[in-house]
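Structure at a glance
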Amino acid sequence: MRPNDGYLSLLTFSGKRKDLLFFIHESPKTLEEIRDKLDVKTPEIVPHLKKMESANLIIKQDGLYSIAPFG
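Described below are features of the structure shown in this document. (Residues numbered from 1 in each chain as written. Predicted model: local features only at pLDDT ≥ 70, side-chain atom pairs only at ≥ 80, totals over all residues. Heavy atoms only, no water.)

So, about the overall build of the protein. For the protein, the helix and strand inventory stands at four helices and two strands. N-terminal to C-terminal, the α/β element order of the protein is α-α-α-α-β-β. Residue burial in the protein is summarised as follows: out of 71 residues, 31% are buried. In the protein, 48% of the contacts between residues at least 6 apart in sequence involve partners at least 24 apart. Taken as a whole, the protein presents about 5000 Å² of accessible surface, with 53% of it coming from carbon and sulfur. (Helix = DSSP H or I, 4+ residues; strand = E, 2+ residues; numbered from the N terminus. Buried < 20%, exposed > 50% of the residue type's maximum accessible area, 1.4 Å probe, protein only. Contact = heavy atoms within 4.5 Å. Areas by Shrake-Rupley, 256 points an atom, 1.4 Å probe, with all protein chains shown as cover.)

So, in structure tokens, the structure goes:
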């Protein structure tokens, strides 16, 4: 498996994660902004956020979610 295959499967298996990534790419967002934009409740979106954080796709800093820098 190539290194990026994990990222690709993480995003393609969930439309919510893909939508989330595109939304926070515009600018860092709070959980409330994410919930409002994607029309979801906290228990629905938090697992997606955690998966993306653990995959180093996004980071949470000072209550804002943003795209993680790729080095």
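So much for the structure itself; the text now carries on.
Two quantities define a packed helix pair, namely the angle between the helix axes and the distance between the axes. At a closest axis distance of 11 Å, the pairing of helix H2 (residues 15–26) and helix H3 (residues 31–38) adopts a crossing angle of 120°. By the angle class used here, H2 and H3 are oblique. Our pair here, H2 against H3, has a crossing hand that is right-handed. Along its contact with H2, which presents Lys16, Asp19, Leu20, Phe23 and Ile24, the element H3 presents Glu33, Ile34, Lys37 and Leu38. (Axes fitted to C-alpha atoms, helices over the stretch in contact; angles between N-to-C directions. Parallel < 35°, antiparallel > 145°, perpendicular 65-115°, else oblique. Left-handed = near helix turned anticlockwise from the far one by under 90°.)

Attention now moves to the side chain of Ser66. One can find Ser66 in strand E2 (residues 64–67). Among the residues examined, Ser66 registers a relative accessible area of 17% and is labelled buried. The contact partners of Ser66, leaving out residues within four places of it in the chain, are Ile24, Pro28, Leu57, Ile58 and Ile59.

Structurally, His48 is set in helix H4 (residues 42–54). When the C-alpha positions of His48 and Arg17 are compared, they lie 6.1 Å apart, and in sequence the two are 31 residues distant.

The end-to-end C-alpha separation of H2 is 17 Å, in line with the 16 Å expected for twelve residues at 1.5 Å each. Arg17, Leu20, Leu21, Phe23 and Ile24 are the residues of H2 that are buried. (Expected span 1.5 Å × (residues − 1).)

What follows is about the pairing of E2. In this structure, strand E1 (residues 58–61) lies alongside E2, joined through four bridges in antiparallel fashion. Opposite Ile58, over in E2, you have Ile67 as the bridge partner. In this antiparallel pair of consecutive strands, E1 and E2, the connection spans two residues, and Asp62 shows a positive phi of 55°. (Pairing = 2+ DSSP bridges.)

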